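One-letter residues, chain by chain:
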Amino acid sequence: MSDKKKKAGGLGGRIWAGIIIFGLIGQLAWVIENMYFNVYLFDVIGGTANDIALMVAASAITAAVTTLFMGALSDKMGKRKAFITVGYIIWGIVTASFGFITVDSTSRLFHTVNAVSAAAMLIVIMDCVMTFFGSTASDAAFNSWVTDVTDETNRGRAETVMQAMPLAAMLLVFGVLDGFKQKGEWQTFFIIVGAVTSLGGVLGFFILKDKPSLTSNNENYFKNIFYGFKPSTVKSNGLLYITFAVFCILNIAYQVFMPYIIIYLEKTLGIKDYALPLGGILILSAVLSVLLGRAIDKFGKVKFMLPCLAVLLVGFIAMFFVRGANLIFLIIAGTVMMGAYLVLSAAVVGTIRDYTPADKVGLFQGIRMLFQVLIPMVTGPYIGAAVIANNNATYEELGVVKTIPTPNIFLAAAAVAVFAVIPIIALMKKAGGSK
């Protein structure tokens, strides 16, 4: 592709195709892992909110460690495409296997009296296996590839599209696949998602190209793994680590409510057909995010953060006042909350890419995962579970009384998110008007 043609489009068509296809398929698999595994564990296996929190935490640890080691390895080898393509194929195969894990199959396999606990633990273990391949392909390699092929002039646009991918994936799941869940056809549900994910890996052989200047390096692999934890590294990349802190706080707030959102809509608000309001929220939020992409690039990513955080807090508080019968208010409040979160995340992630050293892109994906996934997913769901445990809202299913989420999870999320003001202000002072 000529420089002139690339300049006219900002990013070439092939790069945009890679961002959209692998961003969407990867997020489709993560939606299933982050939302539907929780529902499957809760409804089908008979797990509790604490089981969900354990699974989320174990998955987060796996994701962070995997990305740290595999991101550094992709730098060492000077390759992203191979990790993405092979990783997506295996990721899909493992995802497809989840529908075969049931209490009955676990009981027959392990001949255990407490088949529910055994099945729940098996789900947690397989979730970690799936996360290993998913994080290798998506978090380590694909995210590094996006950083490789974008620059400071187009990352706002690229990131708003990337941040919209989880919502687009949710729309596809709710619109196309949720019917299988509603009918209890979980095997079909997981097989379809797994097949699509593996197909993405196959497509990668034809679509993706590594950045031509990306080459293998002779640096010590294990030394590089711990490079990002050195005090001297933190000191020399202060703006990057301040931005990591912003992202960490935002994702803790997100994880306070998100693992329980479907259970909250279905059991607490009594919305059986939750796909309709969620679809409205996701479409409006994604459109809002993409429309503001150019504005982020034009006016500066850091400048966008504080106003977006204020809107996000308003969205959390609005969600607290939603009641089941008022779907319009739910859509409005949800759009304010998710739209602000997407735009804010786009500005933050774009800033992270700007401050990431060009010769250690893969290595820093592991550090990013520490702040984006490990800390948030180990803390956030447990904050949510603690809020859920301390209420009297319950329902009975098959003779078992279960505690369900209340609107307080959104107030708890707001209480966490407000702390992002501190690193954002520090970032504004240190970055000045450059971003």
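All values reported here derive from a predicted model rather than from experimental measurement.

About the criteria used
Residues numbered from 1 in each chain as written. Predicted model: local features only at pLDDT ≥ 70, side-chain atom pairs only at ≥ 80, totals over all residues. Heavy atoms only, no water. Helix = DSSP H or I, 4+ residues; strand = E, 2+ residues; numbered from the N terminus. Rg over C-alpha atoms; globule rule 2.2 N^0.38 Å. Buried < 20%, exposed > 50% of the residue type's maximum accessible area, 1.4 Å probe, protein only. Contact = heavy atoms within 4.5 Å. Areas by Shrake-Rupley, 256 points an atom, 1.4 Å probe, with all protein chains shown as cover. Lys, Arg positive; Asp, Glu negative; His and termini not counted. Charge placed at Lys NZ, Arg CZ, Asp CG, Glu CD. Core = buried A, V, L, I, M, F, W, Y, C linked by side-chain atoms within 4.5 Å. Salt bridge = Lys/Arg side-chain N within 4 Å of Asp/Glu carboxyl O. Axes fitted to C-alpha atoms, helices over the stretch in contact; angles between N-to-C directions. Parallel < 35°, antiparallel > 145°, perpendicular 65-115°, else oblique. Left-handed = near helix turned anticlockwise from the far one by under 90°. 1 Å grid on protein atoms, 1.4 Å probe; cavity = no way out; pocket = protein on both sides within 12 Å on 5 of 7 lines; lining within 4 Å. Points joined across faces, edges and corners; volume = space filled by probe spheres on them. Nonpolar A, V, L, I, M, F, W, Y, C, P; charged D, E, K, R; others polar. Patch = residues over 30% accessible without salt bridge, like charges linked within 9 Å, V, L, I, M, F, W, Y side chains within 5 Å. pLDDT = per-residue confidence, 0-100.

1. Some details on the overall build of the protein chain
- The number of helices and strands found in the protein chain is 19 helices and 2 strands.
- For the protein chain, the C-alpha radius of gyration of 21 Å lies close to 22 Å, the compact-globule estimate for 435 residues.
- With respect to the principal axes defined by its C-alpha atoms, the protein chain has extents near 65 × 45 × 40 Å.
- Within the protein chain, the proportion of its 435 residues that are buried is 58%.
- The long-range fraction of contacts in the protein chain, counting pairs at least 24 apart against all pairs at least 6 apart in sequence, stands at 84%.
- A total of about 17,500 Å² of accessible surface is found on the protein chain, and carbon and sulfur atoms cover 68% of it.
- Seen as two clouds, the 33 positive and the 23 negative side-chain charges of the protein chain have centres 11 Å apart.

2. A few points about the nonpolar core
- Residues Tyr36, Phe174, Phe257 and Phe316 are the most contacted members of the largest nonpolar core, which totals 148 residues.
- In contact with Phe257, other than residues within four places in its own chain, are Phe316, Met337, Ile409, Phe410 and Ala413.

3. A few points about the pattern of salt bridges
- Using the criterion set out here, one finds 5 salt bridges in the structure.
- Here Glu266 ties to Lys181 by a salt bridge, and the two come within 3.4 Å at their closest N and O atoms. One end of the pair, Glu266, is in helix α12 (residues 261–268); the other, Lys181, is in helix α7 (residues 155–182), with 85 residues separating them in the sequence.
- Looking at Glu266, the relative accessible area reads 9%, which means it is buried.
- Given a relative accessible area of 7%, Lys181 falls into the buried group.
- Each member of the salt-bridge network shares a partner with another, and the members are Asp75, Arg80 and Asp148.

4. What about the packing of helix α11 (residues 238–257) against helix α16 (residues 327–355)?
- Relative to each other, α11 and α16 sit at 155 degrees, their axes nearing to 9 Å. The angle between α11 and α16 places the two elements in the roughly antiparallel class. Every pair of crossing elements has a handedness; the one defined by α11 and α16 is left-handed. Of the residues in α16, those in contact with Leu239, Leu240, Thr243, Phe244, Val246, Phe247, Leu250, Asn251, Tyr254 and Phe257 of α11 are Met337, Met338, Tyr341, Leu344, Ser345, Val348, Val349, Thr351, Ile352 and Tyr355.

5. Description of empty space enclosed by the protein
- Scanning all chains against the criterion turns up 5 cavities of 30 Å³ or more.
- Taken together, 40 residues line the largest cavity, and the ones lying closest to its centre are Gln27, Trp30, Asn34, Pro166 and Gln372.
- Looking at the lining of the largest cavity, the elements that each hand over two or more residues are α2 (13–45), α3 (49–77), α6 (115–149), α7, α11, α16 and α17 (361–389).
- The dominant element in the lining of the largest cavity, judged by the number of residues it contributes, is α2, at 9 residues.
- Partitioned by chemical class, the residues of the lining of the largest cavity number 22 nonpolar, 13 polar and 5 charged.
- Within this model, the second largest cavity holds a volume of roughly 130 Å³.
- For the second largest cavity, the lining is made up of 14 residues, of which Ile261, Leu278, Ile281, Met337 and Met338 are closest to its centre.

6. Re helix α18 (residues 408–417)
- With 7 of 10 residues buried, α18 lies mostly within the body of the structure.
- Within α18, the full set of buried residues consists of Ile409, Phe410, Ala412, Ala413, Ala414, Val416 and Ala417.
- Packing partners of the buried residues in α18 comprise α11, α12, α15 (301–320), α16, α17 and α19 (421–431).

7. Topic: the packing of helix α5 (residues 103–110) against α6
- One way to put it is that α5 packs onto α6 with a least axis distance of 8 Å and a crossing angle of 100 degrees. Comparing the axis directions of α5 and α6 gives the class roughly perpendicular. Here α5 contributes Val103, Thr106, Ser107 and Phe110 to the contact with α6, which in turn contributes Ala115, Val116, Ala118, Ala119 and Leu122.
- The residue makeup of the contact of α5 with α6, split by class, is 7 nonpolar, 2 polar and no charged.

8. Comments concerning a nonpolar patch on the surface
- Nonpolar side chains collect at one region of the surface, where Val86, Leu199, Val202, Leu203, Phe205 and Phe206 lie side by side and expose about 550 Å² of accessible area between them.
- Among the elements that take part in the nonpolar patch, helix α8 (residues 186–207) stands out by supplying 5 residues, more than any other.
- Position of Phe206 among the secondary structure elements: in helix α8.

9. Observations regarding the confidence of the model for the protein chain
- Per-residue pLDDT for the protein chain has a mean of 85; in total, 93% of the residues score no lower than 70.
- Averaged pLDDT values for the elements of the protein chain fall to 42 in helix α1 (residues 3–9) and rise to 96 in helix α4 (residues 81–96).
- The low-confidence segment residues 1–9, where pLDDT is below 50, has 6 contacts with residues more than four positions distant or belonging to other chains.

10. Notes on the environment of Ala29
- With respect to the element layout, Ala29 can be found in helix α2.
- With 161 residues separating them along the chain, Ala29 and Phe190 place their C-alpha atoms 9.5 Å apart.
- If we skip the residues at most four places from it in the chain, Ala29 touches Trp91, Val193 and Thr197.

11. Here we look at the environment of Leu54
- Here Leu54 is to be found in helix α3.
- Separated by 331 residues in sequence, Leu54 and Ala385 have C-alpha atoms that sit 10 Å apart.
- Leaving out residues up to four positions away in the same chain, Leu54 has contacts with Met121 and Tyr382.

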